[in-house]
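Here is how the chains run, residue by residue.
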Amino acid sequence: MEFMRTDLQYYAPMCVRHTTFTETTDTIVPDTEPDIGRILCAFGAVSVKDELPQNDRILVSGIVHVVVLYRPDGQDGIRFLQIPLSFAHIEETQGITADQPCFVRCHLQHVSARAVNSRKVSVTGDIGLEIDLYQKKQSAVTEHIEPDGTDLQVRYGTQPLNLLQTVLTREYTVLDDVEIPGAEGMKLIHTRGALGPVTCQSGNAQLTISGEVQLTLLLLDDTGKLRSLTHAVPYTQVLEASGVTEDMPVTVRLTLRNLDCMLREEEGILSMGACARALIQQRKEQTLQTIEDLYHLKKQIELTESSVELYDDAVPQPFQSEGLAQLTLTYPASEIILTDAVCTAVGQETMKLQVCVLYQDDTGNLWGEMQDTTVPLVLGQTAYTQLRDLTVHLTTARSAERDLQLRASVNGTVLCGAPISVRDITGLTAEQDREPVDQAGTTLILRYIQEGTTLWEIAKQYASTVSDIQNANELPEHTDQVSEIMLLIPICGR
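Just so it is clear, the structure is predicted and the values come from calculations on it, not from any experiment.

How each quantity is defined
- Residues numbered from 1 in each chain as written.
- Predicted model: local features only at pLDDT ≥ 70, side-chain atom pairs only at ≥ 80, totals over all residues.
- Heavy atoms only, no water.
- Helix = DSSP H or I, 4+ residues; strand = E, 2+ residues; numbered from the N terminus.
- Rg over C-alpha atoms; globule rule 2.2 N^0.38 Å.
- Buried < 20%, exposed > 50% of the residue type's maximum accessible area, 1.4 Å probe, protein only.
- Contact = heavy atoms within 4.5 Å.
- Areas by Shrake-Rupley, 256 points an atom, 1.4 Å probe, with all protein chains shown as cover.
- Lys, Arg positive; Asp, Glu negative; His and termini not counted.
- Charge placed at Lys NZ, Arg CZ, Asp CG, Glu CD.
- Salt bridge = Lys/Arg side-chain N within 4 Å of Asp/Glu carboxyl O.
- Polar contact = N/O pair within 3.5 Å; in protein donor to acceptor, adjacent residues only side chain to side chain.
- Pairing = 2+ DSSP bridges.
- Axes fitted to C-alpha atoms, helices over the stretch in contact; angles between N-to-C directions.
- Patch = residues over 30% accessible without salt bridge, like charges linked within 9 Å, V, L, I, M, F, W, Y side chains within 5 Å.
- Phe/Tyr/Trp six-rings, centres within 6.5 Å; stacked < 30°, edge-to-face > 60°.

Peer 1: Help me understand the overall build of the protein, please; the structure alone is not making it clear to me.
Peer 2: Scanning the protein from N- to C-terminus turns up 2 helices and 25 strands. For the protein, the C-alpha radius of gyration of 32 Å lies well beyond 23 Å, the compact-globule estimate for 494 residues. Within the span of the protein, comprising 494 residues, buried residues form 46% of the whole. By sequence separation, contacts in the protein at least 24 residues apart represent 77% of the contacts at least 6 residues apart. For the protein, the exposed surface amounts to about 24000 Å²; the carbon and sulfur share of it is 44%. Averaging the locations of the 37 positively and 68 negatively charged side chains of the protein gives two centres separated by 4 Å.

Peer 1: Just checking my understanding: could you explain the pattern of salt bridges for this structure?
Peer 2: When the charged atoms of two side chains with opposite charge come close together, those side chains can pair. Tallying each qualifying case throughout the model produces 25 salt bridges. In this structure, the salt-bridge partner of Arg5 is Asp424, at a minimum N-O distance of 3.0 Å. Highlighted residues: Arg5 in strand β1 (residues 2–28) and Asp424 in strand β21 (residues 418–433), separated in sequence by 419 residues. Glu240 is the partner of Arg170 in a salt bridge, and the nearest nitrogen-oxygen pair spans 3.2 Å. Separated by 70 residues along the polypeptide, Arg170 in strand β7 (residues 152–179) and Glu240 in strand β11 (residues 226–240) bring together distant segments of the chain.

Peer 1: When you look at the environment of Lys137 in this model, what are you seeing that I'm missing?
Peer 2: As for its placement among the helices and strands, Lys137 is situated in strand β6 (residues 120–146). C-alpha of Lys137 to C-alpha of Ala42: the two residues are 95 residues apart in sequence and 46 Å apart in space. Beyond its immediate stretch of four places on either side in the chain, Lys137 contacts Leu8, Gln9, Tyr10 and Ala12.

Peer 1: What exactly am I supposed to notice about the side chain of Thr465 here?
Peer 2: Looking at the element boundaries, Thr465 is found in the loop between α1 (455–461) and α2 (466–472). A distance of 3.1 Å separates the side chain of Thr465 from the side chain of Asp468, its partner in a polar contact. Not counting residues up to four positions away in its chain, the partners in contact with Thr465 are Gln153, Tyr295, Leu297, Ala459 and Cys492.

Peer 1: I would appreciate a short explanation of the pairing of β11 in the present structure.
Peer 2: In the case of a regular strand, side chains alternate between the two sheet surfaces. Of the strand pairs in this sheet, strand β10 (residues 206–220) and β11 are connected by 15 bridges, and their pairing is antiparallel. When the bridges of β11 are listed, Thr208 appears paired with Val238. The hairpin turn running from β10 into β11, its antiparallel successor, is 5 residues long, and Gly224 in that turn takes a positive phi close to 90 degrees.

Peer 1: What should I look at first to understand the sheet that holds strand β20 (residues 403–415) in this one?
Peer 2: Backbone hydrogen bonds are what pair the strands of a sheet, in a parallel or an antiparallel way. Taken together, 3 strands build an open sheet; the order of strands is β15-β20-β19 and the sheet is antiparallel. Every interior strand has two partners, whereas the edge strands, β15 (317–328) and β19 (386–398), have only one. Across this sheet, the average inter-strand angle for adjacent strands is 20 degrees, counted without regard to direction. Bridge count between β15 and β20: 12 bridges; the pairing is antiparallel. Looking across to β20, one finds that Gln317 is bridged to Val414.

Peer 1: Is there a simple way to explain a nonpolar patch on the surface in this structure?
Peer 2: Where nonpolar side chains cluster on the molecular surface, the patch consists of Leu446, Tyr448 and Met486 and spans about 320 Å² of accessible area. By the element assignment, Leu446 lies in strand β22 (residues 444–449).

Peer 1: How should I be thinking about the packing of aromatic side chains in this particular structure?
Peer 2: One pair of aromatic rings is described through two measures. These are the centre distance and the angle between the planes. For the structure on display, the rule yields 4 aromatic pairs. Measuring from centroid to centroid gives 5.7 Å for Tyr172 and Tyr235, while their planes differ by 40 degrees, and the two rings are tilted. Of this pair, Tyr172 sits in strand β7 while Tyr235 sits in strand β11; the two residues are 63 residues apart in sequence, bridging distant segments of the chain. Take Tyr235: its relative accessible area is 7%, and that puts it in the buried class. On the numbers, 5.0 Å between centres and 65 degrees between planes, the contact of Tyr295 with Trp456 is edge-to-face.

Set out below in structure tokens:
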């Protein structure tokens, strides 16, 4: 008897984790800047320096580039401070080694600033991490048993699988000089960046990625008025991707690690450098033959078997959900300058957002507010294990002087993978005779089958075979189950 075994090599997620930590720093107002009268609001953007898997931990370090807007004491106009908030976070994770594929998405969940006194500012930032770690696995499963004779009956099944064959991380930088309409003569205060959806085309050991860098610019003109502009910068990058082949689909997830922008004010030309990190995955779709059941016509059998744990890594799917919410501002708003939002928590049906609103009241005063709100999350019938790579885009409309209607468009990735168990038989003995079905030596039994019963169950009980029962009763070959029928059952185990 021969056991035909199949070796399976693949990657499985070892760690999928969300975590948040807080960093604080104090800074002194430079001598060239006036005293602080009132802090309006703070914005921030994360630059990641390192994400290093080590033994049983991950080190993530970088800087949050914080911009604090304030009104000077006793003066008109707006001033801003650029404050670096450094961080180095160690995430303890048992079993991690330095050579494992690791993908970290770092984002700023909240930033705030307060005036300690007129010359000192304290900045606090809540930094969120999404960590994906992958581990190489190797398993073997018996797909077929080649018996010595015809007495062993085996029922086979199928298990469709998506096995992750390739996991790579690659970095690339998008450099471009772009003209920003309406930015001439203005000063760049803050830039927020996001990576838009990408298309990819795989070749042997390389990958071509096309997408766009989506920019939101906060600008200040020479009269002290703030303005917000958006712009998209398209790009195409060719990456080295050893192990990637043309015959399997490829998926790519992206995170923006660093964004450097400089505006040439006279021309309105923005010099941009965007550093991105790509998680490249390639899956193999295959169907595994499984052994559902087996029996011997003449012998009792004893099996050596176990359950093999595999990971069915279904292709991640993009999703989009829209929801409405309403905010009540502290003061009547005559102009909404900028709205921004980050996702701080996700439930099964709702998503919690932290919304920053920068606006001007009827008297020309500038105000900044940070508020929490909840919007519905609609994923349809999609089953998911994780929502990742979330970005939020807001559009606003004033419904009253102080009421702001928000429409939040949330984009992200649905991870649909799940562990599965497969029966694995590695040994079989058949030494002891099975109990005879009928002591009188009957070779054909007539039975009335009342409730729906599979031919396999009947054949197993009476030491027969499915094909013999089908032939004896002139049943079609595809017949699997019968009910309310007189059935002739040949007994083969004689």
